[in-house]
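Below are the chains, spelled out letter by letter.
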Amino acid sequence: MNQFHGTTIIALRHRGKTVVAGDGQVTLGQTVTKHKARKVRRIYHDKIVVGFAGATADALNLSEKLEEKLERCNGNLTRAAVELAKDWRTDKFLRRLEAMMIAVDETRIFLISGNGDVIEPDEGVISIGSGSVAAQAAAMALVKHSDLDARAIALETMTIAASLCIYTNDSITIEEL
């Protein structure tokens with residue numbers, strides 16, 4: 001059975017702005033089945049931005065679960081992310097979900113995985129998905145060696161990743177806090 005594959009999501013904080021960007025390509029086996037999927041979205045009263053890679057239904061389920069945790073934690077992203085990761089790792093249903101997520105608010109950036117990971121990057125840049133290595137390298141270089149703002153860095157980063165990763169396209173969604 002063919003699996004949906006690949007994406008690139010980048011989150012970065014630069015000059016007081018936090019940005020999450022993702023491409024829109026969905027691939028089934030060797031076929032691109034969708035060009036403009038929205039893998040980056042706002043949740044919890046538009047105060048949190050999430051980006052996801054992996055099986056779409058699984059990622060949407062996790063996004064809903066994170067929003068439930070945010071409601072219970074009064075919007076505290078750190079507590080909600082830890083609670084989600086704990087449930088994701090231990091719950092019989094959730095641990096079968098195949099996705100990864102980046103969640104950000106105005107002060108924090110987290111990568112959340114089904115392995116129980118809640119990772120906050122040291123450098124204010126983190127990425128997931130098939131083009132993540134190219135995206136992260138490009139973002140780190142642009143943050144350190146350019147005068148671009150956060151949004152422009154995210155756009156250029158995704159353009160670079162799309163030029164290198166066959167599972168990433170240049171139909172880019174960007175959300176900024």
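It should be noted that the structure appears before, not after, this text.
K.L.:
Teacher, can you tell me more about the sheet that holds strand β9 (residues 109-113) here?
P.N.:
Strand pairing in a sheet relies on backbone hydrogen bonds. The paired strands run either parallel or antiparallel. The antiparallel open sheet is built from five strands, whose spatial order is β6-β7-β8-β9-β10. Only two strands of the sheet have a single neighbouring strand rather than two, namely β6 (40-43) and β10 (118-119). The pairing of β6 with strand β7 (residues 48-54) spans four bridges and is antiparallel. Residue pairing in the sheet places Arg-41 in a bridge with Val-50 of β7. In this fold helix α1 (residues 56-72) packs onto β6, β7 and β8 (99-104), with an angle of close to 40 degrees to the strand it touches most, β8.

K.L.:
Honestly, the pairing of strand β5 (residues 31-34) in this entry has me stumped. Any pointers?
P.N.:
Side chains on a regular strand alternate between the two faces of the sheet. Here strand β4 (residues 26-28) pairs with β5 via three bridges, running antiparallel. In the sheet register, Leu-28 faces β5, and the bridge partner there is Thr-31. In sequence, β4 turns back onto β5 through a hairpin of two residues, with Gly-29 there showing a positive phi of about 65 degrees.

K.L.:
Explain the side chain of Thr-157 here, please?
P.N.:
With respect to the helices and strands, Thr-157 occurs in helix α4 (residues 150-164). Leaving out residues up to four positions away in the same chain, Thr-157 has contacts with Ile-10, Ala-135, Ala-138, Ala-139 and Leu-142.

K.L.:
Could you clarify how one ought to interpret the packing of helix α3 (residues 132-145) against α4 in this entry?
P.N.:
Between two packed helices, both the angle of their axes relative to each other and the distance between the axes serve to describe the pair. Here α3 crosses α4 at 145 degrees, and the two axes come no closer than 8 Å. The way α3 lies across α4 gives a crossing that is right-handed. Within the contact between the two elements, α3 uses Ala-134, Ala-135, Ala-138, Ala-139, Leu-142 and Val-143 and α4 uses Ile-153, Glu-156, Thr-157, Ile-160, Ala-161 and Leu-164. By residue class, the composition of the contact of α3 with α4 is ten nonpolar, one polar and one charged.

Cut-offs used in this document
- Residues numbered from 1 in each chain as written.
- Predicted model: local features only at pLDDT ≥ 70, side-chain atom pairs only at ≥ 80, totals over all residues.
- Heavy atoms only, no water.
- Pairing = 2+ DSSP bridges.
- Helix = DSSP H or I, 4+ residues; strand = E, 2+ residues; numbered from the N terminus.
- Contact = heavy atoms within 4.5 Å.
- Axes fitted to C-alpha atoms, helices over the stretch in contact; angles between N-to-C directions.
- Left-handed = near helix turned anticlockwise from the far one by under 90°.
- Nonpolar A, V, L, I, M, F, W, Y, C, P; charged D, E, K, R; others polar.

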